[in-house]
Structures are given as structure tokens and as C-alpha cells.
Amino acid sequence: MSSENSSADDARQVWDVVVVGAGPAGASAAYAAAVAGRRVLLLEKAELPRYKTCGGGIIGPSRDALPPGFELPLKDRVHAVTFSHNGRFTRTRRSKQMLFGLVNRPEFDQQLVEHAQKAGAELRTGVTVSRVEQHGSAVPDRRTVAVVLQGGEVVLARAVVGADGSASRIGAHVGVKLDQVDLGLEAEIPVPDTVAEDWKGRILIDWGPMPGSYGWVFPKGDTLTVGVISARGEGAATKRYLEDFIGRLGLAGFEPSISSGHLTRCRADDSPLSRGRVLVCGDAAGLLEPWTREGISFALRSGRLAGEWAVRVAEAHDAVDARRQTLNYAFAVKAGLGVEMSVGKRMLTVFERRPGLFHAVLTGFRPAWKAFKDITQGSTSLGELVRSHPLAQRALTALDRRPADERVTS
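Remember, it's a predicted structure, so these values are computed and weren't measured experimentally.

(A) Focus on the state of the cysteines. Going through the model one piece at a time under the given rule, you end up with zero disulfides. Cys54 supplies the cysteine sulfur nearest to Cys266, a cysteine that is in no disulfide, at a spacing of 15 Å. Here Cys281 stays free of any disulfide, with the sulfur of Cys266 as its closest cysteine sulfur at 15 Å. When its relative accessible area of 1% is taken as the criterion, Cys281 is described as buried.

In C-alpha cells form, the structure reads like this:
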């Protein structure tokens, strides 16, 4: 960029990259673009730190995607998993190595934002984005995107990353299409030391009563995060499942400090990941694992990719070059996360039909437990597992062939 252009940019304050949303996806995108030496602005509508409905499980792929030197604010280290099937057939499996860590999202997200700021990104909180415009009077030239804030202020950028969550305005601009919508309900339950001690280092996963549903207990010191998730449209049944689940665990007598709900949304296979100079990542792009609905690792990984490719889009001198870079971004996402999502989708279909079999295999078949360990520890992914293990491939294919209306409830 010539110094003449640079001073013109300064006069109108054109950012190289503007990131909308300061969750894990947005903070990762801002970090990646700032580390590359670009002028980055990170916009967040809430004041930080802020609460998020989320179990807060940090699996291997999430750890691997964190910025160098990032110290995880772990509340607990998980070495054991208790599995149950709608409260029955309980079985605990243990691991010598840590399976994954548990964090509180407000602290974790705040720390990610601080890393982006240390890398040079500028943060503005309490700012709501109304829309983005790539044509029209607010846009000075074809290399610029106008980010219009509530109240009318316009922020100009060479590239925009939408990381504004599952009800994303930037996602709407890009035309993100969503395929699978689930309702997660969660309670943060403070418990006495004696109860907390019983859960230390151990989580519970309960395969639920509705097709595709499950519940979890994640211990975080003196608080248990207890939640359930199932397909949207089953609101009353999901609420009942959470109440029954909490009752069965003997936790009904403790008052939750927070009760919250959240919709998770999975992208359709043909959903776009960009439009013009605007990219989307994380929940805004509908990127999460369809079976477990795990989203943090998808947010961190897609955010980093979005930040890296946004830098290239910002440098693009015309629409053709910008298009080439956004197509490369889409290819990078689909080659990694997309493969995991397609396997996750198949796993969900099988799980919806045969939860009893799923439970029996995970708790009684050693290779299945090893696969679970390998995925959570980050030594493999769902995609790699199915690609590299003929047995996993054959099992999934055989189960895929079963009649779609088959239901096993035991």
C-alpha cells in the first residue's frame, strides 16, 4: 500500500479487518489478523466478561487452536466419564491422561479477547452492528465494506469477519442456511463441598429420552453445570428432561445461580461462508459438530482460518482476487471441519435411532472407549477416525443402512 493511500485511509479510518462478535470465533479471528500485523477492530455488543450458555468443555482440538502462551483457566480436569441411558445402565470409564478441561466461559472468552488485544487488535464493547453494506452511498469504493452501527455510525473495513453468534446479522447478509436447530437448556448449580468432591474430575453424559437428546454434568469447583439438549420443537419435553435429570441426580434441592437456554444451529451442506469481502465463522456460519453440538473447537478453528483469510481479502485489489481468497477460505473450512461435520451428522442419525446400542458399545467395547478418548484428547478427529479405521467405517455404514424409522428405547 503506498503512503499516499495509507494517509487517505487514516483520514477516513479504514480498518484492514473488522471482526463482529468477541466470542471464541471472533477473538480467534481478531488474533490471527492482528498477529499478521494488520489493523484490526473487534466489535462486541455486550460488556465483557459476559455469560454464555455452554458446558465449557475444552477438548484436544480446542487446546491445539489456542494462541501460543494461552493459559487455560481450568476449573477442573476430567479423567473419568460416567455414561447412563436415561438414568439407567450407569457405567464409569476412566483415563490416566486428562480427557479434557472445563472452563467458565466468561473467563475463557475474556482471556481470548485479551490475547487478541495484546497482538494489536482494538476492542470496542457495547456496540451493536445493524448491518453491513458492500455497495451504496456509505461505501467509498469497491475495496471497502461499510459496517453500520446502531445509531448510524459507519465503520469502514477492507474485510469483515462475522462471528456474531447463532442469530447472526452478518450470517443473514452472507445468506447462511441452517439445517439442524437444537435447544440447549442449562443450570449453573452451586453445591456444598461434599457434593462437589463427589464430582471432582468426573463428568456425566446421559443419553436422553427424546431421539438425539442427551444431558451432561460438568463440575467446576463449587458449581455443577447441568444441561440437556435436543431437537428444537420439543421445548416442553426438553424442559421436563432437565427437571427429571436434576431430580435423579439428587440436585433438586439446590438453587441454580443461573438458568438459561440457547439454540444451536448447524449449517446446511451448501450454505455459503462468504459474500464479497465478508466472511463468517463459528456459530454465525453454523459450524459445530452435529452429534454432540460441540462448538468451541469449531469456533476457535474456523475463527483462526477466517482471520488468516480476511487478511488476504483485505489485500485483494479487485472483486476477482477477493473471490479467489474467500473460495480458498471455504475450501479450508470444508476440508477439515466440514468432514468432521458430515461424520457427526451420520453419527447423530445412528444415535437417534439406536441410543441403547450406542450406550452399550461405548461402555462395553474397548475400541469405542479408546476412540472417545482419542477424540477428546485431540489425537484424532471424528473424520480421521472413520477415514483411517476400517472397523469404524464398516460399523457406521452398517448402521446407516438400518430402516430410518427404527427406534430402540432400551
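Don't stop here, the text continues.
(B) Structural detail: unusual backbone geometry. The linkage connecting Leu48 with the following residue, Pro49, adopts the cis geometry, with an omega of -5 degrees. Among the structural elements, Pro49 can be located in the loop between strand E2 (40-44) and strand E3 (57-58). Within the chain, Phe89 stands out as a residue other than glycine whose phi angle is a positive 55 degrees. Residue position: Phe89 is located in strand E6 (residues 88-94). Its identity is not glycine, yet Arg293 carries a phi of approximately 60 degrees, on the positive side. Along the chain, Arg293 falls in the loop between strand E18 (278-280) and helix H8 (296-315). On the accessibility criterion, Arg293 (8% relative accessible area) is buried.

(C) Seen up close, helix H7 (residues 235-248). In this model H7 runs 20 Å from its N-terminal to its C-terminal C-alpha over 14 residues, within 8% of the 20 Å that 1.5 Å per residue would give. Those residues of H7 lying buried are Ala237, Thr238, Tyr241, Leu242, Phe245 and Ile246. Phi for Gly250, located one or two positions after H7, is positive at around 75 degrees.

(D) Representation of the packing of helix H2 (residues 24-35) against H8 in the model. At a minimum axis distance of 7 Å, the contact between H2 and H8 shows a crossing angle of 35 degrees. Note that H2 runs across H8; the crossing there is right-handed. Residues Pro24, Ala25, Ser28, Ala29, Ala32 and Ala33 of H2 lie in contact with H8, whose contacting residues are Ala299, Leu300, Gly303, Arg304, Gly307, Glu308 and Val311. Among the residues forming the contact of H2 with H8, the class breakdown is eight nonpolar, three polar and two charged.

(E) How the structure looks around the nonpolar core. One finds Val18, Phe108, Val147 and Val160 to be the most contacted residues of the largest nonpolar core, which totals 69 residues. Of the residues forming this core, the biggest block, ten residues, is contributed by H8. Setting aside its immediate chain neighbours within four residues, Val147 contacts Val18, Leu43, Val129, Arg131, Val132, Glu153, Val154, Val155 and Val160. Counting 26 residues, the second largest nonpolar core, distinct from the first, contains Leu102, Trp216, Leu348 and Phe351.

(F) Region of the structure containing the sheet that holds strand E5 (residues 80-85). Taken in spatial order, the seven strands of this open sheet run E6-E5-E13-E14-E15-E12-E16, and their pairing is mixed. The open sheet has two edge strands with one neighbour each: E6 and strand E16 (258-267). Sheet twist, expressed as the mean angle between neighbouring strand axes with direction ignored, is 20 degrees. Pairing of E5 with E6, which is carried by five bridges, proceeds in the antiparallel orientation. Bridging across to E6, Val81 finds its partner in Arg93. Its contacts with the sheet place H7 against strand E12 (178-190), strand E13 (202-207), strand E14 (214-220) and strand E15 (223-231), and it is angled at close to 150 degrees to E15.

Thresholds, definitions, all that
- Residues numbered from 1 in each chain as written.
- Predicted model: local features only at pLDDT ≥ 70, side-chain atom pairs only at ≥ 80, totals over all residues.
- Heavy atoms only, no water.
- Disulfide = S-S within 2.5 Å.
- Buried < 20%, exposed > 50% of the residue type's maximum accessible area, 1.4 Å probe, protein only.
- Helix = DSSP H or I, 4+ residues; strand = E, 2+ residues; numbered from the N terminus.
- Expected span 1.5 Å × (residues − 1).
- Axes fitted to C-alpha atoms, helices over the stretch in contact; angles between N-to-C directions.
- Left-handed = near helix turned anticlockwise from the far one by under 90°.
- Contact = heavy atoms within 4.5 Å.
- Nonpolar A, V, L, I, M, F, W, Y, C, P; charged D, E, K, R; others polar.
- Core = buried A, V, L, I, M, F, W, Y, C linked by side-chain atoms within 4.5 Å.
- Pairing = 2+ DSSP bridges.

Keep in mind that these numbers describe shape and distance, not what the molecule does.
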